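Working through the structure, step by step
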Amino acid sequence: MRNFLSVNQLNSKEIFSIIEAAERFRNKQLSIDKQVFAANLFFEPSTRTKMSFIVAQKKLGIEVLDFHSEASSVLKGETLYDTARTFESIGANVLVIRHGDDTWYDELIHGLQVPIINAGAGKGGHPTQCMLDLATIYQEYGYFNGLKVVIAGDIKHSRVARSNAQALKKLGANVYLSAAPGFDDPLLDFPYLSMDEAAEICDVVMLLRIQHERHEAIYRDSCYLETFGLTRDREKRMKDRAIILHPAPINRGIEIDTSLVECKRSRIFKQMENGVYVRMAIIMKLLHEWGIINDSIEKRNK
Ligand code: CP
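Since the structure is predicted, the reported quantities are computational estimates derived from the model, not experimental observations.

On to the site of the ligand, then. By nearness alone, every residue bordering the ligand is listed as S46, T47, R48, T49, G120, Q129, P247, A248 and P249. Class assignment for the residues of the shell around the ligand results in three nonpolar, five polar and one charged.

What follows is the structure in structure tokens.
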């Protein structure tokens, strides 16, 4: 694994290896004993992903080069490629990038000699979010095979839906989608359920935010919740062990009743906690693969 760009590049063994490494990071402090720099290049807004990468990097003893696109030479017309090459030239050992283009990394991977992590690519993919979602499901059930997972909401504009549907299928889960008219995606070949059906049969209900920034508003009011969202009534009909996930940020009262955000079934804030350890694991795997850190550091984490 030279870069971390898409869940499609991972086989099941590699996915489990990241989940297991993340679990070890939860339980053991590890700091890299040499100077390593990470640059977090976010061209779209972020709270969780950016901040949890920073926490992950600081926990590993990595020096963080922060970057604010709105106060950078991007405003003078500098391209993504030239920005990334600049950080490579000044000594960044790993680049974490979020950008609105679905495949922004295609123009970088051949020109750069530094590991790149995809922290969100337009509507294309969000592989570190997917890994933390998988870690959260695995923490709960200890397996994926045969689990019924519904991904519900604005599927069409969601990079999270794309990454999770593909990865969960690879791991043997039964993946379903649930979407309001206009939010379905014919390119994702999975069966659709109504929210009533999904709530009753699924082990994991993964809700998605309406991506208002990617399209003109179709639904904004509480009618959406009643027909397409997770209401209190639907939550009561969920299976005993079933859990609720959401990548956040949440549109409270739209895709989920606000009282359910922190209900007993909700793992939404647990997902965020898991994100730190998953990102530590991914960073360490890449630094090791590129020879930036050596075996002995990884072994100390065992
Ligand atoms: N889940 C997620 O990607 O959140 P942010 O946009 O806040 O990073």
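So, on to the sheet that holds strand β8 (residues 243–245). Pairing is parallel across the open sheet formed by four strands, whose spatial order is β6-β5-β7-β8. Looking at which strands have only one partner, the edges of the open sheet turn out to be β6 (174–178) and β8. With direction set aside, neighbouring strand axes in the sheet form an average angle of 20°. Here strand β7 (residues 204–207) runs beside β8; their pairing, made up of three bridges, is parallel. Within β8, the residue paired with V205 across the bridge is I244.

Our focus in this paragraph is the pairing of strand β3 (residues 94–99). Within β3, six of the six residues are buried, which leaves it mostly tucked inside the rest of the structure. Across the two faces of β3 the burial is the same, with V94, V96 and R98 and L95, I97 and H99 all buried. Pairing between strand β1 (residues 37–42) and β3: five bridges, direction parallel. Looking across to β3, one finds that A39 is bridged to L95. Of the strand pairs in this sheet, β3 and strand β4 (residues 116–121) are connected by four bridges, and their pairing is parallel. Paired with H99 across the bridge in β4 is A121.

This next bit is on the UniProt feature "binding site: carbamoyl phosphate" (unreviewed entry) in the protein. The positions UniProt marks with the feature "binding site: carbamoyl phosphate" (unreviewed entry) are R48, T49, R98, H126, Q129, A248 and P249. Setting aside residues up to four positions removed in sequence, Q129 forms contacts with V160, S163 and P247. Considering the arrangement of structural elements, one finds P249 in the loop between β8 and α9 (268–289). For P249, a count of 11 C-beta atoms within 10 Å puts it in the exposed group. Every residue in contact with P249, bar those within four places of it in the chain, is listed here: T47 and R209.

Moving on, we get to helix α2 (residues 48–59). With twelve residues, α2 extends 16 Å between its outermost C-alpha atoms, agreeing within 8% with the 16 Å of an ideal straight helix rising 1.5 Å per residue. Looking at the buried side of α2, the elements it contacts are β1, β2 (63–65), β3, β4, α4 (127–141) and α9. Backbone geometry just downstream of α2 places G61 in the positive-phi region, at approximately 80°.

Definitions and limits used
Residues numbered from 1 in each chain as written. Predicted model: local features only at pLDDT ≥ 70, side-chain atom pairs only at ≥ 80, totals over all residues. Near = placed C-beta within 6 Å. Nonpolar A, V, L, I, M, F, W, Y, C, P; charged D, E, K, R; others polar. Pairing = 2+ DSSP bridges. Helix = DSSP H or I, 4+ residues; strand = E, 2+ residues; numbered from the N terminus. Axes fitted to C-alpha atoms, helices over the stretch in contact; angles between N-to-C directions. Buried ≥ 20, exposed ≤ 12 C-beta atoms within 10 Å, placed from the backbone. UniProt positions renumbered as here; feature names shortened; annotations may be inferred. Contact = placed C-beta atoms within 7 Å. Expected span 1.5 Å × (residues − 1).

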